[in-house]
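Structure at a glance
Listed here are the chains, written in short residue letters.
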Amino acid sequence: PLSKSKIALLKDRGFETRKEIAEISPSALAKELQIPPEEALKIWKTAKYGDDCDEKSIVTLSSSSSNSGVSALDLLAKKVKLRPIFSLCRELDQMLGNGIPMGEITEFCGVPGAGKTQLGMQLSCTVQIPKLLGGTGGQAVYIDTEGSFIARRAKQIAEGVNRHLVHIASSSSEPKFVEAARTLTVEKMLKNIFCFRAYDHNEQIICVEVLEEFIKKHPRVKLIVMDSVAFHFRYGFSEKYQLRNMLLKKMEHILQHLAQKHNLAVVLMNQVTTRIKSNIADIVPALGPTWAHACTNRIMFEVKNDSRYAILVKSSSHKAKTIEYIVNADGIRDVCIVGNVSNRSSARSESPSSLARKKRRTDEYR
Amino acid sequence: MAGRRLKRLIPGHFADLCESKNIKTVQDLIERPDLDIIDALDISVGDLASALRKVYATLAPKPRTAFNMLDAEMSSLTFESSKVRIEPGIITEVVGAAGVGKSQWCTTLSAMAYLPIEYGGLGGGVIYVDTESSFSPSRLVEIARSRYPKFYDVKALKKLTQSIHVFQCSHAHELVDQITQLDATIIEKQIKMIIVDSMASPFRSDFDSKHIPERQMMLSIAASKLKYLGETYRIPIVVTNQVSGGMKKGLADDGENLTAALGITWAHAVNVRYRLQNKPGKESMECLVSKSPCSARLSFQYSIANAGLIFNEK
């Protein structure tokens, strides 16, 4: 496929074999042959990919075998197709866009009793909301390192989710919505949450290592919750912080890979610790600044005088924001402001129009 | 898991190879960087990857669905006339100032635990780890006799006292060692509950303010071992804690001036926390649910009588 003049030129400059041409870069070839880079590239490709391809296939080969990355447009299209996971606490969802995003690691830190485990259990249920109702229709993996997953409470939360869905579906006039809400029973929700109990950091790491295989066998898994990532790494590593960081990095790497390859959401719960700086005690996320790089989004839970706040402290696409939430029998919900007094004991359920609006919003981008 | 030997868990060529290069336990395998292992064992990247995959698949915890876990959750202890439940498999903490009734709480629970399941008890013995030498057998007998007069006749009382196994530990490392060795006792003596009264005492006395990180580390180890025991044997773990007037920032507490001792790391580790306090101007005392994964911030009135801790009906 190369013209005679080109072959003569190559011979002239001392190129005997195809291998010699392919082993240097196109730009170096261009310099040696004193020809423009585009021509050098053509020669280089021919040398690299074989004599029997013609001009056309060389061009097609270029886009498939050389790595020119994925265009931002493709990424954007992919992202809007992936539905985020609703938490049923509208303010929390809006803080992150439309819900817990897919393909990213979202970390929740907070003081004990803030509601992290509640959120983890709740998301394990809401990830299962059928696609017809605007949800992800997936399953959940719950890696429990502290023994805080209590099935009885998960059942209560599942009942809350089911009630919520049935209420919304009934207020719409579509029988198929009602049907979809009814089929997601409490029993079904509990059967779709896979709990792994890790008693030490070794088991925790092994859990993460076997997730790839597990997800291959259960492709409907769309959420991985780790509650909490910190517990086992906060003891047994005195003087061995490098080792700890290496192990944490290993875990982070695998989780990141899983999130992106399988388009699922990874939610990590972290603890907090006190940092004393010039006599002022501050509450900071545990596991140190190295770990802080692991998550794509980070939300701090705070409790002040019986009120609970969620603060977005790290996100690549949304700005910092503080919202208030409550924990009740149904799980985590928005604060309901009725009349003069904010009524913290009742929940504001998602109105039918807003859930439909959410569905429309995700549909709009299709 | 950490100390278990590879040779026993995954017998075969790979384990033998590891053993010969001093990679003996599961922890060794995980903590060595992959490149190190490849060098030491002289195998290829691909070989290591597939060997590790097999190893991890064997060692990984088996998942259960939440639905299956629902069936497995067994009976709990409930204080009569209240919703205060002591659940199995998790750490329940009782916090309060001195004299408010923490040891009474523990002793009452010990009397309740021996009752058969049909009577609301757990039908078994109790391990009582006493770090303050505050356990009083005569008080136990008094509570049992007053609270359940029909059940606790002389014979039953004798059996009750035989079923409470008291371990005295006054130092933190003693406590942790003791907790590690409880497996045998739990199985032999049909133990249905572990009580540690109190957790705060040895840790606060052994570690001063300059050694807080070491203290937190030991606390985490203790918590981890206790949780393991609780979950493996499906029994409740009850610990007591003291209060301090220290830094208050951040704990999801009920706005009191005194906070629970032992810091935030320990607060993360306990699953349920009950706060006992004297209500000024009221006769009875108050029990507040300070942290719980399945209950709201309820408060209950209680008083201490012959029959132990009595909760008042609302």
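What comes next concerns the included structure. (Residues numbered from 1 in each chain as written. Chains lettered and ligands numbered in written order. Predicted model: local features only at pLDDT ≥ 70, side-chain atom pairs only at ≥ 80, totals over all residues. Heavy atoms only, no water.)

**With respect to the overall build of chain B**
Test applied: Secondary structure counts use DSSP, requiring at least four H or I residues in a row for a helix and at least two E residues in a row for a strand, with both numbered from the N terminus. Relative accessibility thresholds used throughout: buried, under 20% of the residue-type maximum; exposed, over 50%; partly exposed, between the two (1.4 Å probe, protein chains only). Residue contacts are counted whenever heavy atoms from the two residues lie within 4.5 Å of one another. All accessible-area figures derive from a Shrake-Rupley calculation using a 1.4 Å probe, and residue coverage is judged against the displayed protein chains alone. His residues and chain termini do not enter the charge count, which takes Lys and Arg as positive and Asp and Glu as negative. Throughout, a charge is located at the NZ atom of Lys, the CZ atom of Arg, the CG atom of Asp or the CD atom of Glu.
The helix and strand inventory of chain B stands at 14 helices and 14 strands. With respect to the principal axes defined by its C-alpha atoms, chain B has extents near 75 × 45 × 40 Å. Across the 314 residues that make up chain B, the buried fraction comes to 53%. Across chain B, contacts joining residues at least 24 apart in sequence account for 63% of those joining residues at least 6 apart. For chain B, the computed accessible surface area is about 14,100 Å², with 52% contributed by carbon and sulfur atoms. Between the mean site of the 38 positive side-chain charges and the mean site of the 34 negative ones, chain B shows a separation of 4 Å.

**Brief notes about the overall build of chain A**
Helix and strand counts for chain A stand at 15 helices and 12 strands. Relative to its full complement of 366 residues, chain A shows a buried share of 51%. Put simply, 65% of the contacts in chain A that link residues at least 6 apart link residues at least 24 apart. By element, 53% of the accessible surface of chain A is carried by carbon and sulfur atoms, the whole surface being about 16,900 Å².

**Some points on the interface of chain A and chain B**
For clarity, the cut-off: Joining two parts hides part of their accessible area as seen by a 1.4 Å probe, and the buried area is that hidden amount summed over both. Put simply, a salt bridge is a Lys or Arg side-chain nitrogen that is within 4 Å of an Asp or Glu carboxyl oxygen. Each polar contact in these results corresponds to two N or O atoms within 3.5 Å; when the atoms are within protein, one needs to be able to donate a hydrogen and the other to accept it, and residues that are neighboring in sequence are counted only if both atoms are side-chain atoms.
With 57 residues of chain A at the contact, the number on the chain B side is 49 residues. Taking both partners together, chain A and chain B bury about 4,700 Å²; carbon and sulfur atoms supply 65% of that area. Together, P112, R152 and I206 of chain A form the three largest contributors to the area buried by chain A at its contact with chain B, with a combined 14%. Taken together, chain A and chain B are joined by three salt bridges. Here R297 of chain B and D306 of chain A are joined by a salt bridge, their closest N and O atoms 2.9 Å apart. Applying the counting rule to chain A against chain B returns 16 residue pairs in polar contact (both at pLDDT 80 or more). Where the side of chain A that touches chain B is concerned, the elements lending two or more residues are α8 (116–126), α9 (151–171), α11 (186–191), β3 (193–197), α12 (201–217), α13 (241–261), β6 (272–277) and β7 (280–285) of chain A. Per-element tally for the side of chain A that touches chain B: the top contributor is α12 of chain A, with 10 residues.

**Overview of the nonpolar core**
Our working definition: Among the buried residues, those of types Ala, Val, Leu, Ile, Met, Phe, Trp, Tyr and Cys that are joined through side-chain atoms within 4.5 Å form a nonpolar core.
Formed by 57 residues in total, the largest nonpolar core has its most connected members in F149, L223 and I299 of chain A. Per-element tally for this core: the top contributor is α9 of chain A, with seven residues. Ignoring anything within four residues of it in the chain, the contact list for I299 of chain A reads L92, M95, L96, E107, F108, C109, A310, I311 and L312 of chain A. With 55 residues, the next largest nonpolar core counts F194, F196 and L211 of chain A together with V26 of chain B among its residues.

**Digging into unusual backbone geometry**
Most peptide bonds are trans, and most residues other than glycine sit at a negative phi. D227 of chain A connects to S228 of chain A through a cis peptide bond whose omega is -5°. Looking at where S228 of chain A falls in the secondary structure, it is placed in the loop between β4 (221–227) and α13. Cis geometry marks the peptide bond from D197 of chain B to S198 of chain B, where omega comes out at -5°. Following the sequence through the fold, S198 of chain B ends up in the loop between β7 (191–197) and α12 (200–206). You will see that N263 of chain A, though not glycine, has its phi angle at about 50°, which is positive.

**Looking at the packing of α12 of chain A against α13 of chain A**
Residue and element names in this part refer to chain A. To keep it simple, the criterion reads: Interaxial angle, 0 to 180 degrees, is taken between N-to-C directions of lines fitted to C-alpha atoms, where a helix line uses only the stretch in contact. Between 65 and 115 degrees an angle is taken as roughly perpendicular, under 35 as roughly parallel, over 145 as roughly antiparallel, and anywhere else as oblique. By convention the crossing between two helices is left-handed if the near helix lies anticlockwise of the far one by an angle smaller than a right angle, and right-handed if it lies clockwise.
Look at α12 against α13: their axes get within 10 Å of each other, and the N-to-C directions meet at 20°. It follows from the interaxial angle that α12 and α13 lie roughly parallel. Taken as a pair, α12 and α13 cross one another with a handedness that is left-handed. When α12 is examined against α13, the residues H201, Q204, I205, V208, E209, L211, E212 and I215 are found in contact with a partner set consisting of L247, K250, M251, I254, L255, H257, L258 and K261.

**Quick look at helix α7 (residues 102–113) of chain B**
Residue and element names in this part refer to chain B. The condition is simple: In this analysis, the expected span of each helix is defined as 1.5 Å times one less than the number of residues it contains.
Taking 1.5 Å of rise per residue, 12 residues should cover 16 Å, and α7 covers 17 Å from first to last C-alpha, within 8% of that figure. With respect to burial, α7 is a largely interior element, 11 of its 12 residues being buried. Looking at α7, one finds that the buried residues are K102, S103, W105, C106, T107, T108, L109, S110, A111, M112 and A113.

**Describing the sheet that holds strand β5 (residues 125–130) of chain B**
All names here are of chain B. Put simply, the rule is: Here a strand pair is declared whenever DSSP counts at least two bridges between the two strands.
Read across the sheet, nine strands follow the order β6-β5-β7-β8-β4-β11-β12-β13-β14 without closing on themselves; strand pairing throughout is mixed. Edge positions in the sheet fall to β6 (164–168) and β14 (308–311), since each of these pairs with one other strand and no more. Neighbouring strand axes in the sheet, compared pairwise and without regard to direction, differ in orientation by 25° on average. Alignment of strand β13 (residues 299–305) against β14, held across four bridges, turns out to be antiparallel. Paired with Y302 across the bridge in β14 is F311. Packed on one face of the sheet, α7 meets β4 (91–96), β5, β6, β7, β8 (237–241), β11 (272–278), β12 (285–291), β13 and β14 and runs near 170° to β7.

**Quick notes on the pairing of β7 of chain A**
Residues and elements named next belong to chain A. Examined bridge by bridge, β6 and β7 share six bridges and lie antiparallel to one another. Along β7, the bridge assignment pairs I276 with A281. In textbook terms, the turn of a hairpin is the stretch between consecutive antiparallel strands, and for β6 and β7 this stretch comprises two residues, one of which, S278, has a positive phi near 40°.

**Overview of the environment of T92 of chain B**
Residues and elements named next belong to chain B. The residue T92 is located in strand β4 in this model. A relative accessible area of 0% places T92 in the buried class. Once the C-alpha coordinates of T92 and T65 are considered, the two residues, 27 residues apart in sequence, prove to be 25 Å apart.

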